[in-house]
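Chains, contacts and geometry: an overview
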Amino acid sequence: MKNTTLKSIFYLAISALILNACSVDDLIEELDDNTTNIADSIAESEVSDDTTSLILAWSSLWVYLDQYTVNMRPNTVTRSLAYIHLTGYETAIPFMDNYTSNTNRFNNFNINEDVYENNVNLELALNTAYALAIDHFMINLDAGYRQTISELQDELEEELSEGLSDDAIENSERWGSHVAQRVIDYSETDNDGEEQIVNQTPNDYDAPVGIGLWAAGDNENAWFPYWREVRTFAISPEQSSSIDFESVLEYSTNQNSDYYSQMNDVYEATVNAANNNDEDLWIAEFWADDVEGLMISPPGRHFSIANQLIVQNDLEFEGALELLLKLGFAVNDAAVSAWDDKYTYNIQRPSTYIRQVIDADFTTNLSRFIDGINPAFPSYPSGHATFAGAAAGVFIDFFETDNISFTDDTYTNATGITFNGTARSFNSFSEMATENAYSRVPLGVHIEQDAIEGLRLGYEVADAINSLNLQRNNFN
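On a predicted model such as this, the values are computed, not experimentally measured, just so you know. (Residues numbered from 1 in each chain as written. Predicted model: local features only at pLDDT ≥ 70, side-chain atom pairs only at ≥ 80, totals over all residues. Heavy atoms only, no water.)

Some remarks on the overall build of the protein chain
Counting its secondary structure elements, the protein chain contains 19 helices and two strands. Considering the protein chain as a whole, with its 476 residues, one finds that 61% of them fall into the buried category. Accessible surface computed for the protein chain: about 18100 Å², of which carbon and sulfur atoms make up 40%. (Helix = DSSP H or I, 4+ residues; strand = E, 2+ residues; numbered from the N terminus. Buried < 20%, exposed > 50% of the residue type's maximum accessible area, 1.4 Å probe, protein only. Areas by Shrake-Rupley, 256 points an atom, 1.4 Å probe, with all protein chains shown as cover.)

Regarding the packing of aromatic side chains
Under the definition given, this model contains 36 aromatic pairs. For the ring pair Phe-286 and Trp-287, a centre distance of 5.0 Å and an interplane angle of 90° mean the geometry is edge-to-face. Taking relative accessible area as the criterion, Phe-286 reaches 0% and is therefore assigned buried. Judged by relative accessible area, Trp-287 falls into the buried class, the value being 1%. These aromatic residues form a ring-pair network of at least three members: Tyr-83, Phe-106, Phe-109, Phe-137, Tyr-186, Phe-233 and Phe-329. Note that Arg-231 overlies the ring of Tyr-186, its terminal NZ or CZ placed 3.9 Å from the centroid. Cation over ring: Arg-301 sits above Phe-286, and NZ or CZ is 4.4 Å from the ring centre. (Phe/Tyr/Trp six-rings, centres within 6.5 Å; stacked < 30°, edge-to-face > 60°. Lys NZ or Arg CZ within 6 Å of the ring centre and 35° of its normal.)

Quick notes on unusual backbone geometry
Between Arg-73 and the following residue, Pro-74, the backbone shows a cis peptide bond with an omega angle of -5°. Along the chain, Pro-74 falls in the loop between α4 (50-66) and α5 (75-92). Tyr-380 connects to Pro-381 through a cis peptide bond whose omega is -5°. Within the fold, Pro-381 resides in the loop between α15 (350-358) and α16 (383-399). A positive phi is found at Asp-314, a non-glycine position, where the angle reads about 45°. By the element assignment, Asp-314 lies in the loop between α13 (298-312) and α14 (317-345). Residue Asp-314 is classed as partly exposed on the basis of its relative accessible area, which comes to 30%. Even without being glycine, Asn-346 reaches a positive phi, approximately 50°. Within the element layout of this structure, Asn-346 appears in the loop between α14 and α15.

A short note on the side chain of Ser-351
Residue position: Ser-351 is located in helix α15. In this view, Ser-351 contacts Phe-362, Thr-364, Ile-373, Asn-374 and Gly-444; residues no more than four positions away in its chain are not counted. (Contact = heavy atoms within 4.5 Å.)

A short note on the side chain of Ser-101
Mapping Ser-101 onto the fold places it in the loop between α5 and α6 (122-137). For Ser-101, the side chain forms a polar contact with the side chain of Glu-90, separated by 2.7 Å. Apart from the residues lying within four places of it in its own chain, the contact partners of Ser-101 are Glu-90 and Ile-93. (Polar contact = N/O pair within 3.5 Å; in protein donor to acceptor, adjacent residues only side chain to side chain.)

A look at the packing of α5 against α6
Their axes nearest at 9 Å, the elements α5 and α6 cross at an angle of 160°. Comparing the axis directions of α5 and α6 gives the class roughly antiparallel. Crossing geometry of α5 relative to α6 is assigned as right-handed. Between α5, through Ser-80, Tyr-83, Ile-84, His-85, Thr-87, Gly-88, Thr-91 and Ala-92, and α6, the contact on the second element is made entirely by Leu-122, Ala-125, Leu-126, Ala-129, Tyr-130, Ala-133, Ile-134 and Phe-137. When its residues are assigned to classes, the contact of α5 with α6 shows 11 nonpolar, five polar and no charged. (Axes fitted to C-alpha atoms, helices over the stretch in contact; angles between N-to-C directions. Parallel < 35°, antiparallel > 145°, perpendicular 65-115°, else oblique. Left-handed = near helix turned anticlockwise from the far one by under 90°. Nonpolar A, V, L, I, M, F, W, Y, C, P; charged D, E, K, R; others polar.)

Thoughts on the environment of Phe-106
Along the polypeptide, Phe-106 turns up in the loop between α5 and α6. Owing to a relative accessible area of 7%, Phe-106 belongs among the buried residues under this scheme. A C-alpha to C-alpha distance of 9.9 Å links Phe-106 and Ala-234, two positions 128 residues apart in sequence. Those residues in contact with Phe-106, other than ones at most four positions away along the chain, are Tyr-186, Phe-233 and Phe-329.

Regarding the pattern of salt bridges
A side chain with one charge can pair with a side chain of the opposite charge if their charged atoms come near. Counted under the stated rule, the structure contains 14 salt bridges. Residue Arg-228 is joined to Asp-340 by a salt bridge in which the shortest nitrogen-to-oxygen separation is 2.7 Å. Taken together, the residues span a long stretch of sequence, with Arg-228 in the loop between α9 (191-198) and α10 (245-248) and Asp-340 in helix α14 at a distance of 112 residues. In this structure Arg-228 comes out as partly exposed when scored by relative accessible area, which is 27%. Taking relative accessible area as the criterion, Asp-340 reaches 13% and is therefore assigned buried. (Salt bridge = Lys/Arg side-chain N within 4 Å of Asp/Glu carboxyl O.)

Some words on the environment of Ala-131
Looking at where Ala-131 falls in the secondary structure, it is placed in helix α6. Placed 69 residues apart in sequence, Ala-131 and Trp-62 show a C-alpha to C-alpha distance of 10.0 Å.

Let's talk about the packing of α13 against α14
If you want to describe how two helices pack, look at the angle between their axes and the distance between the axes. Interhelical geometry of α13 versus α14 gives an angle of 165° and a closest axis separation of 11 Å. Taken together, the axes of α13 and α14 are roughly antiparallel relative to one another. Taken as a pair, α13 and α14 cross one another with a handedness that is right-handed. From α13, Pro-299, His-302, Phe-303, Ala-306, Asn-307 and Ile-310 reach across to α14, where they touch Ala-320, Leu-323, Leu-324, Leu-327, Gly-328 and Val-331.

Regarding the nonpolar core
Membership of the largest hydrophobic core comes to 125 residues, with the highest contact counts inside it found for Trp-58, Leu-65, Leu-323, Phe-329 and Phe-395. No other element matches the 16 residues that α14 contributes to this core. Discounting chain neighbours no more than four positions away, the residues touching Leu-323 are Ala-306, Ile-310, Leu-315, Val-394, Phe-395, Phe-398 and Phe-399. In terms of nonpolar packing, the next biggest core, distinct from the first, is built from 16 residues, Phe-245, Leu-249, Ala-269 and Phe-362 among them. (Core = buried A, V, L, I, M, F, W, Y, C linked by side-chain atoms within 4.5 Å.)

Looking at a negative patch on the surface
Taken together, the side chains of Glu-113, Asp-114, Glu-117, Asp-166 and Asp-167 define an acidic patch exposed on the protein surface. Looking at the element boundaries, Glu-113 is found in the loop between α5 and α6. (Patch = residues over 30% accessible without salt bridge, like charges linked within 9 Å, V, L, I, M, F, W, Y side chains within 5 Å. Lys, Arg positive; Asp, Glu negative; His and termini not counted. Charge placed at Lys NZ, Arg CZ, Asp CG, Glu CD.)

Considering the confidence of the model for the protein chain
Confidence along the protein chain averages 90 in pLDDT terms, with 90% of residues attaining 70 or more. Predicted confidence is poor over residues 1-5, with pLDDT under 50, and the contacts of this stretch with residues over four places away or in other chains come to 11 contacts. For residues 14-45, every residue scores under 50 in pLDDT, and the model assigns this stretch 69 contacts once sequence neighbours within four places are set aside. (pLDDT = per-residue confidence, 0-100.)

Here you go:
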């Protein structure tokens, strides 16, 4: 294998990660040109492990594609991430002496080990597995964007096959294909998940009616009202705790009430951010991740961060696969638990209250990016905050510390964007998660209590994920 060529392909995929707003044809042209010069800042971000380079190439391409999915965010994306990274992890298990397969952990998940041959090349097997899994689970992509999957697969296959026998090539691709198909088969035993990724706004859902309760807007149906039924990997909604919204805040129009105070905080923060174009607006837009075609998804953002952390910490491939798998499980389970609570409590968005009680002309800072003013599901708890807490909890456990300085440059080199994606720096994962959670207040779409509960729930989900016994020497 020509190490420099593989790394050049990785850098090209990283250029997709940072979302330079090129056309699909431009991206394909870049993937075909292995000698393309990438910005020095990217080229300096080298990882030592060749297999890690390949994993990052696919993970980075996924982040790029995430920006352009249609009707997948946020929940369908979380499910795709869990299965895609389960595929990568299980493909590499024969090469990971200190790690165990998930086949003994999950019912109905089986891999035929007899398909594996001793001359399997790990990188070539992973290349096949990732291509098949991403193509399957990224269900709503235009053909042009989908084509980039096969383009990257072909580029890497040509490079990785050099010097291998026909038998080794065949066995490697057979192993990767087998694992990917077994993961796909396993995903299809989740009947609720399979149904809901197709029917995301079911007509049979009737939201409860009452003061302070959420209702869909005009020409709008509830998104993912039954997501609580989707498969989880470590913690179900029945196993996670849930704080009753009314035990913390009780609806009131009294200006001295805590409820009014939190709603008014949203109003003032949103208006001031818009009028002053200050750091609060930067934070709100930096973490928004709501808009298809413009931003990556809220759960996808944490994989952009994970990719950067893998490079920053120069992880070996075993660690990279473990981190991505746990993060995939975490965002999946976080979505299931958060949406269970959302549709259990059915709490209104702050904009509804603000327009009724404080200012009839109020609009969110999200409204200039989307049709409407809010995402079409209840407010409590915040999905962004839940994903942020779950991701931070996984990062803290994996790196065995919260105190890692990190700069998120997901959008740094993006062009043609209409929001402030300037990189932001943090001294800890918890600091980053907290800012992400509270960014929804000046954006105008959540109150403080939504962020508080989302973070708490996210960390609880992370605790369950971190307790999974993936390593043979881990007896927790």
